[in-house]
Amino acid sequence: MIINKNLQEIEGMKEWLESVPYDVTRTRLYDGADLYMGYVPSPDEEADDLSYIHCYDSRVYKHYMTLGKNAKNVNESLARALHDHGIRKALDAFLAEHDSRRCVGIMGGHALLRTDPLFARIVLLSKRLTEEGFCMLSGGGPGAMEATHLGAWLAGRTREEALEAIAILASEAASFKDRKWLSSALFVMRRYPQSQYVSLGVPTWLYGHEPSTPFATHIAKFFENSIREDSILTMAFGGIIFTPGSAGTMQEIFQDAVQNHYLSFGISSPMVFLDKKFWTEEMPVYQLLQQLMDAGKYKNLLLSITDDTEEIERILKEFQEENR
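Residues numbered from 1 in each chain as written. Predicted model: local features only at pLDDT ≥ 70, side-chain atom pairs only at ≥ 80, totals over all residues. Heavy atoms only, no water.

Quick word on the pairing of strand β1 (residues 103–107)
Worth spelling out the cut-off: A simple rule labels every residue: compare its accessible area, found with a 1.4 Å probe on the protein chains alone, to the largest value its type can have, and call it buried under 20%, exposed over 50%, or partly exposed in between. Counting from the N terminus, the helices are DSSP H or I runs at least four residues long and the strands are E runs at least two residues long. In this analysis, strands are considered paired if DSSP registers two or more bridges between them. When the strands point away from the viewer, a crossover counts as right-handed if the route from the first strand across the helix to the second turns clockwise.
With five of five residues buried, β1 lies mostly within the body of the structure. Residues C103, G105 and M107 of β1 are buried on one face, and the alternating residues V104 and I106, pointing to the opposite face, are buried as well. Here β1 runs beside strand β2 (residues 135–138); their pairing, made up of three bridges, is parallel. Looking at β2, one finds that G105 is bridged to L137. Regarding the hand of the β-α-β motif, the stretch spanning β1, helix α6 (residues 117–131) and β2 is right-handed.

Shown next as structure tokens:
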């Protein structure tokens, strides 16, 4: 009787794993084409919306929200865990091919508009760093994250081409909430194709209302946000650039500070803050970190703050030279 019941449970579990709209046996990272498979941009608003609703990413997010962010169904919990395990293994394989000390993260707000001058500054900074051999990382969403991967995508092109790409995006959809946000990104990718440079985005379906940027050539999208948060900060041994953001960025700052304080991975990496006014007046976290360093509450933090993106490049390059 017990054996029959167990067999029934196993069979039910197998059926569930085969029915979910995502692959629980996935062995490689996503890219934009994978996540938005099924989406065909259309000038007709209704057709465009319908196409987006039925693409892979939207179907997975709908399933995720229907079952709950913390699924009570044990079969669904298992399915998500298996998916994330596969993505984690694929991520490890990606990192095995890249020098972790040349991986640089850019953190910042998802609400940053494409029309904001900061967006263009991040794009051009990421572009130059990619050309210098750095592998750019971010949370893989819109705003400052999209700017990071757009810059990496445009590496090797002229400044004028980069500015033209930014202008196209800004004119079509300034915010990720605008309908043409995705279609304009796909248009820019077709207009400026490339296969030489890579970047890594690490988004999550927990924040599935924030679309994943297709500009990231490699996308490790997780269900479990804690895996995702830990992954970004532990991969960017080359340093992290903090651009203006809100609660999420603040969390990342202190999580990174703890990691550097304890030398959790045997190294302390640069913590570079871009935008002096923001980090000293609007959200004065920089002074707090300095005060905690002076008081001995934090140790080993490599702090710097600047408005000059060229200085950021110099800081990161010097760190590379010192830690060869």
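Looking at the packing of aromatic side chains
We apply this condition: Here is the rule: rings of Phe, Tyr and Trp (six-membered ring for Trp) pair when centre to centre is within 6.5 Å. Planes less than 30 degrees apart are stacked, more than 60 are edge-to-face, and the remainder are tilted.
Under the counting rule described, the total for this entry stands at 12 aromatic pairs. Ring centres of Y64 and F223 lie 5.8 Å apart, and the angle between their planes is 35°; on these two criteria the pair is classed as tilted. On the criterion of sequence distance, the pair formed by Y64 in helix α4 (residues 56–67) and F223 in the loop between β4 (218–219) and α10 (225–235) is long-range, its members being 159 residues apart. With relative accessibility at 5%, the residue F223 sits in the buried group. On the basis of an interplanar angle of 80° and a centroid distance of 5.3 Å, the ring pair of F273 and W279 is categorised as edge-to-face. Side by side, F273 and W279 carry an identical accessibility label, which is buried.

Some remarks on unusual backbone geometry
If you check the backbone angles, D275 has positive phi at about 100° while not being a glycine. With respect to the helices and strands, D275 occurs in the loop between β6 (270–274) and α12 (276–282). Of note, the phi angle at N300 is positive, near 70°, even though the residue is not glycine.

Some points on the packing of α6 against helix α7 (residues 144–153)
Under the convention used in this document: Note on definitions: angles span 0 to 180 degrees between N-to-C directions of axes, and those axes are lines fitted to C-alpha atoms, for helices only across the stretch in contact. Angle categories: roughly parallel below 35 degrees, roughly antiparallel above 145, roughly perpendicular from 65 to 115, and oblique for all the rest. Crossings are classed by handedness, with left-handed meaning an anticlockwise turn of the near helix from the far one by less than a right angle and right-handed meaning a clockwise turn. Note on contacts: a residue pair qualifies if any of its non-hydrogen atoms lie within 4.5 Å across the two residues.
Closest axis-to-axis distance for the α6/α7 pair is 7 Å, and the angle between their directions is 40°. Taken as axis vectors, α6 and α7 run oblique relative to one another. The two elements α6 and α7 cross, and the hand of that crossing is right-handed. Contact with α6, carried on its side by F119, I122, V123, S126, K127 and T130, involves A144, E146, A147, T148, L150, G151 and A152 of α7 and no other residues of that element.

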